[in-house]
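# Examining the three-dimensional arrangement
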Amino acid sequence: MIIEGAEFAAHSKEELVGRRIPKDLYDKAKEVGRTRKTVVSWPAPRTISVAVPVTKEGKYVGIVDLNYKTPRYAPLDFSQAMDKALLKIGSVLGAEPDAAAFIDARRAELSGLVQAQKAADARFIRNSFIFIFLLSMAIFAFIEFRVGNLIWRVFFKHRLAYYYVAPATIGMLLLVFFPILFGFVLGFTNYSLLKFKDPIWTLFIGFKNFIDILSDFNIFSYQNFYYTLFITVIWTVTNVVLHVGIGLFLAIILNLPFVAGSRIYRTLLILPWAVPNYITALIWRGMFQRQFGAVNGLLNLFGFPSISWFEKPFTAFMTNLATNVWLGFPFMMVIALGALQSIPAELFEAAEIDGASPWQKFRKITLPLLRPAMTPAIILGVVWTFNMFNIIYLVSGGAPYGATDILITSAYRWAFEKYQYGYAAAYSTIIFIILLSYSVLNIRISRATESAYGGK
Amino acid sequence: MRRKKLFIKIMIHAFLVFWVMLTLYPILWVVKISFSPGKSLISTSLSLIPEQFTWANFHTVIFGRPFLNWFMNSAICAAGTTTLGVFLACTAAYAYSRFRFPGQREGMMSFLITQMFPGTLMIIPQFILISKLGLLNRLAGLIVIYSTTAIPFCIWILKGYFDTIPVDLEESALIDGASRNQAFWYVILPLARPAIAITALFSFMTAWNEYILAATFMESELKYTLPVGLRMMVGEFASDWGLFAAASLLVSIPVVALFMSLQKYLVSGLTAGAVKG
């Protein structure tokens, strides 16, 4: 007995979804149980329902409808899901002797794998801890050797400070820095769904993932790293420019002394910031829907034809952009308002007396004094937009064919849709390096210009 | 001259009203759909008033599913995250602002750096850690993870704000015989109210809005938080927008209300440090 479909469901969902099932078989499947088309929900599907064609000696004997819970931590859970799925096939088809034997064997094998995986993970964690501990001891000993008990004295002298910092630092070390470190290490392995039974230190492959990612210059493929990087940069720049432009413009208008009711406007304008962003994304996806979406409704009102927004890369990109601009301008507006309100009125009065025009006042007083508040906000805005997962994943979903994916959604797909953890981790490390170098460069430049302006 | 000024005023208000409409339209659209009967999305009308008015969607959402359960979970999770997160951030930010100690600069930089690593890729190691700590499928696990992810941003905001509070205030308290802890608790914290309100708000929003980690760590349906439950519901009813809209509103209302009630602190809390710093 061959269980077709169920096997490769593990490796490629698309393949399974794409599989056309003949109508008579589909009808037969209805007799067997509930049938639904594959439901792929976000991010990792909770439950997949698949109609799996089952063959025996090369002939279809029927379709089994499988509902299985999906990869959470994929290697472990997938095997458990498969386990249940296979059992179900057995029960639906009346568990012929060979099927039952097969299922038993498979079960045993899978539970063995799960145990092995759990043990391997535990060992890896333990060894990493030991490694980090030894490393820090080594560093400590090294310093100890050089500077005697200075360390202890420093610690003792500043014990109050360390006592205040300790709770947050311990939490961060354990739950943030350790996972990041783990991610870096994973980037040098070929850890994947197929390799999950191997202990992780047998999987080290050096820089292969990084070389694979960076040496592929086929930029006409939507999956190519440089193409995705290009899209990500365009995405970040357009977003941040629009956020800052709109936010600053609105802030300046709202700060004009003769505009009545600016409080009310401000309150209404920051609403998008308050709405949970995954809800925003789903709302906007609905508004760009071809048939009933409000955006096409508006186009029709002005006599334009409806657009299938998610079919072309450019229009799909615009849907993401529109959503994220709507979502992001209030933050910049609030920051700019705060900065504007902190500018002392005397400066403007003095400029007035000296006969400065409004434009000169804006150019020479407002803009330079906005800089110290806006620079960190912009750096943070760039980092956040660069890694803005929810909007891309939920609005366009990378459609068409990954053309509008940015680096982080690509990395996510490698990890949780293609189960190439090592590759995905290398991808993330590259994202991290890009952002880090951007920020370092930016801080350097802003420091340089600040001193040029004669600031601190 | 006066007429010119009036004209400018009218233009500005026209622009602002237009922009407010643009901002509010998507929200009002959802409100409309939530009060419309099931299949009425088929109409392409742009009007924001439902043709037929019904409470049915809200009724189905609240009573048809363990919605109230999820709501409680989210509330507990958000409250826990806010308390823990603000506590951790306040103590650390205070030290970074008031003391000079080795590792200070490195610490602040490393907090900033954590914002750059793609969060979604930390899921696997975090999952392993949480299961080793025995916190899988427990709200405590989510609280711990959320409060640590919210910390870096909170510390930056709080440190900036603490920097603007004159040191003399504590020093006089210390001279009067207060301990460091007392000075921190009774002098600094009350003065830093705007910044604390903001960090509390952001910690709350982190917990209330987070989806992926909750979906990964929570196994049984009764333990889901709202985003996970909502997402499951949308998946199940496939294209029933009425239910989605009603659920979205119910989920958004508490956080929007909180946001609006704290918004007077937004400007001062967020920018005080940056402007003076």
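Cut-offs applied
Residues numbered from 1 in each chain as written. Chains lettered and ligands numbered in written order. Predicted model: local features only at pLDDT ≥ 70, side-chain atom pairs only at ≥ 80, totals over all residues. Helix = DSSP H or I, 4+ residues; strand = E, 2+ residues; numbered from the N terminus. Buried ≥ 20, exposed ≤ 12 C-beta atoms within 10 Å, placed from the backbone. Contact = placed C-beta atoms within 7 Å. pLDDT = per-residue confidence, 0-100. Domains from an automatic or database assignment. Expected span 1.5 Å × (residues − 1). Bend = angle between axes of the 7 residues up to and from the residue. Core = buried A, V, L, I, M, F, W, Y, C linked by C-beta atoms within 7 Å. Nonpolar A, V, L, I, M, F, W, Y, C, P; charged D, E, K, R; others polar. Axes fitted to C-alpha atoms, helices over the stretch in contact; angles between N-to-C directions. Parallel < 35°, antiparallel > 145°, perpendicular 65-115°, else oblique. Left-handed = near helix turned anticlockwise from the far one by under 90°.

### Focus on the overall build of chain A
Helix and strand content of chain A: 18 helices and two strands. By the burial criterion, 36% of the 456 residues in chain A qualify as buried. Contacts spanning at least 24 positions in sequence make up 63% of the contacts within chain A whose residues lie at least 6 apart.

### Considerations on the overall build of chain B
Of regular secondary structure, chain B possesses twelve helices and zero strands. Ordering the α and β elements of chain B from the N terminus gives α-α-α-α-α-α-α-α-α-α-α-α. Counting only C-alpha atoms and orienting by the principal axes, one finds that chain B spans roughly 75 × 70 × 35 Å. Here chain B holds 277 residues, and the buried ones make up 47% of them. Across chain B, contacts joining residues at least 24 apart in sequence account for 76% of those joining residues at least 6 apart.

### As for the confidence of the model for chain A
All names here are of chain A. Looking at chain A, the pLDDT average stands at 73 and 68% of residues meet or exceed 70. This stretch, residues 68–80, has a pLDDT under 50; its non-local contacts, to residues over four places away or in other chains, come to 37 contacts. Confidence over residues 452–456 falls short of pLDDT 50; this stretch has three contacts with residues more than four positions distant or in other chains.

### Observations regarding the interface of chain A and chain B
At the junction of the two partners, chain A supplies 78 residues and chain B supplies 72 residues. Ranked by the residues each element gives to the side of chain A that touches chain B, the list is headed by helix α6 (residues 159–186) of chain A, at 16 residues.

### Description of the domain arrangement of chain A
For chain A, the assigned domains are domain 1 (8–114), domain 2 (120–206) and domain 3 (225–419). Each of domain 2 of chain A and domain 3 of chain A was reduced to a C-alpha centroid, and the two centroids are 38 Å apart.

### Looking at the environment of Leu337 of chain A
Positionally, Leu337 of chain A belongs in helix α13 (residues 313–341). With 25 C-beta atoms packed within 10 Å, Leu337 of chain A lands in the buried category. In the structure, Leu337 of chain A is positioned 90 residues away from Gly247 of chain A in sequence and 8.8 Å away in space, judged by C-alpha atoms. Non-local contacts of Leu337 of chain A, meaning those with residues more than four positions away in its chain, are made with Ala251, Leu254 and Asn255 of chain A together with Val267 of chain B.

### Concerning helix α15 (residues 358–386) of chain A
All names here are of chain A. Between its first and last C-alpha atoms α15 spans 36 Å; for 29 residues at 1.5 Å apiece the expected length is 42 Å, and the helix comes up short by more than 12%. Of all the bends in α15, the greatest, near 50°, is centred on Pro372. For α15, the set of buried residues is Leu370, Ala373, Met374, Pro376, Ala377, Gly381, Thr385 and Phe386.

### Side note on the nonpolar core
One finds Ile335, Ala336 and Ala411 of chain A together with Ala89, Ala92, Ile155 and Leu158 of chain B to be the most contacted residues of the largest nonpolar core, which totals 163 residues. In terms of residue count, the dominant contributor to this core is helix α6 (residues 139–164) of chain B (16 residues). What Ala411 of chain A contacts, discounting residues up to four positions off in sequence, is Ala424, Tyr427, Ser428 and Ile431 of chain A together with Pro118 and Leu121 of chain B.

### Section: the domain arrangement of chain B
In many analyses, interface size is given as the accessible surface area lost on bringing the parts together. All names here are of chain B. On domain assignment, one finds that chain B holds domain 1 (2–54) and domain 2 (57–276). Domain 1 and domain 2 are separated by 32 Å when their C-alpha centres are compared. By residue class, the composition of the side of domain 1 that touches domain 2 is five nonpolar, three polar and no charged.

### Some thoughts on the packing of helix α8 (residues 225–254) of chain A against α13 of chain A
Residue and element names in this part refer to chain A. At a minimum axis distance of 7 Å, the contact between α8 and α13 shows a crossing angle of 45°. For the element pair α8 / α13, the angle class is oblique. Where α8 crosses over α13, the handedness of that crossing is right-handed. Here Thr238, Asn239, Leu242, His243, Val244, Ile246, Gly247, Leu248, Leu250, Ala251, Ile252 and Leu254 of α8 lie close against α13, whose contacting residues are Leu321, Asn324, Val325, Gly328, Phe329, Met332, Met333, Ala336, Leu337 and Leu340. For the contact of α8 with α13, the class distribution of residues is 16 nonpolar, six polar and no charged.

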